[in-house]
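# Per-entry structural report
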Amino acid sequence: MRDRSEESVKTGKDSGREPFSENCYEWMEALISAVIIIVVVFTFFFRIVNVSGPSMLPTLESGDRVLISSALHKPEAGDVVVITRTQGLSQPIIKRIIATAGQTVDIDFEKGDVYVDGVLLDESAYIENGITTQPSDYTFPLTVPEGCVFVLGDNRAVSNDSRSDDVGMVDERYIMGTAEWIVFPFQRFGRIE
């Protein structure tokens, strides 16, 4: 005659293992929680956008995918930002902030120099041909209104930016976020300066 305690060990009863269905439930719960966290993070804090066009060469190339930070960040001069809408454009654009509210922008179109509050900007690190000579729809100098920024593309010869009345002064509320990293293609991976 067998002892009942031996039988329960042999059949796996009371062996301390959880049933398969409980294990699956815990895995599903963890997976759903992870997906929710990822969705929240990429909805409210980070996004990945695709660059289209040559207006930000050499900093960004058409086809680059960039990670933008949409966390609460006050736009600053030098930031590369994604703008969801402008005065005359319905498509999002990506540009560099040159001046913020209250600053005065002046462009010497003969020499191609850009001045902010009377100080010549050293843009050699990020603009392709080093000069800004294309005509503007506006008369300079201009003072940036409160709650707005003045933006230019790094490839000034082809960029549609704050020099055009299609873009003009950009309302800060339409800045989706600051471009932080190139994430694709992998050979261009790196921080955006």
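Everything below is about the structure printed above this text.
Residues numbered from 1 in each chain as written. Predicted model: local features only at pLDDT ≥ 70, side-chain atom pairs only at ≥ 80, totals over all residues. Heavy atoms only, no water.

A word on the pattern of salt bridges. The tally for this structure, following the rule as stated, stands at eight salt bridges. Measuring nitrogen to oxygen at the nearest pair gives 2.8 Å for the salt bridge that ties Arg188 to Asp64. In this pair, Arg188 sits in the loop between β11 (175-184) and β12 (190-191) while Asp64 sits in the loop between β1 (46-50) and β2 (65-69), placing the two residues 124 residues apart along the sequence. When its relative accessible area of 2% is taken as the criterion, Asp64 is described as buried. Shared partners join several salt bridges into a network, and the residues in it are Glu61, Asp64 and Arg188. (Salt bridge = Lys/Arg side-chain N within 4 Å of Asp/Glu carboxyl O. Helix = DSSP H or I, 4+ residues; strand = E, 2+ residues; numbered from the N terminus. Buried < 20%, exposed > 50% of the residue type's maximum accessible area, 1.4 Å probe, protein only.)

With that settled, consider the layout of surface pockets. By volume, the largest pocket is sized at about 320 Å³. What lines the largest pocket is a set of 16 residues, among which Asn50, Ser52, Pro92, Ile93 and Ile94 lie closest to the centre. Of all the secondary-structure elements, those providing two or more residues to the lining of the largest pocket are β1 and β4 (93-100). When its residues are assigned to classes, the lining of the largest pocket shows nine nonpolar, six polar and one charged. As a volume, the second largest pocket reaches approximately 190 Å³. Considering the residues around the second largest pocket, the lining is formed by 12 residues, among which Ser70, Ala71, His73, Ile175 and Met176 are closest to the centre. Of all the elements, β11 adds the most residues to the lining of the second largest pocket, at four residues. Taken together, the residues of the lining of the second largest pocket break down into six nonpolar, five polar and one charged. (1 Å grid on protein atoms, 1.4 Å probe; cavity = no way out; pocket = protein on both sides within 12 Å on 5 of 7 lines; lining within 4 Å. Points joined across faces, edges and corners; volume = space filled by probe spheres on them. Nonpolar A, V, L, I, M, F, W, Y, C, P; charged D, E, K, R; others polar.)

Moving on: the sheet that holds strand β6 (residues 113-116). Strand pairing in a sheet relies on backbone hydrogen bonds, with the paired strands running either antiparallel or parallel. Taken in spatial order, the four strands line up as β7-β6-β5-β8 in an open sheet, and their pairing is antiparallel. If you trace the sheet from one side to the other, it starts and ends with β7 (119-120) and β8 (142-143), each paired once. By the bridge criterion, four bridges tie strand β5 (residues 104-108) to β6 in an arrangement that is antiparallel. Its bridge partner being in β6, Val105 is matched across the sheet by Val116. (Pairing = 2+ DSSP bridges.)

A few words on the nonpolar core. A general trend in soluble globular proteins is that nonpolar side chains are found buried together. Counting 14 residues, the largest nonpolar core has Ile98, Val105 and Phe150 as its most contacted members. Looking at this core, the elements that each hand over two or more residues are β4, β5, β6 and β9 (148-152). If you tally residues by element for this core, the top one is β9, at three residues. Those residues in contact with Ile98 that lie beyond four places of it in its chain are Ala77, Gln103, Val114, Val116, Leu121, Glu123, Tyr126, Phe150, Val151, Leu152 and Arg156. Counting residues in hydrophobic clusters, the runner-up holds 12 residues, among them Leu60, Ile68, Ile94 and Ile182. (Core = buried A, V, L, I, M, F, W, Y, C linked by side-chain atoms within 4.5 Å. Contact = heavy atoms within 4.5 Å.)

Together, Met28, Leu31, Ile32, Val35, Ile36, Val39, Val40, Phe45 and Phe46 make up a nonpolar patch on the protein surface, roughly 790 Å² of accessible area in all. Among the elements that take part in the nonpolar patch, helix α2 (residues 20-44) stands out by supplying seven residues, more than any other. Examined against the element boundaries, Leu31 turns out to sit in helix α2. (Patch = residues over 30% accessible without salt bridge, like charges linked within 9 Å, V, L, I, M, F, W, Y side chains within 5 Å. Areas by Shrake-Rupley, 256 points an atom, 1.4 Å probe, with all protein chains shown as cover.)

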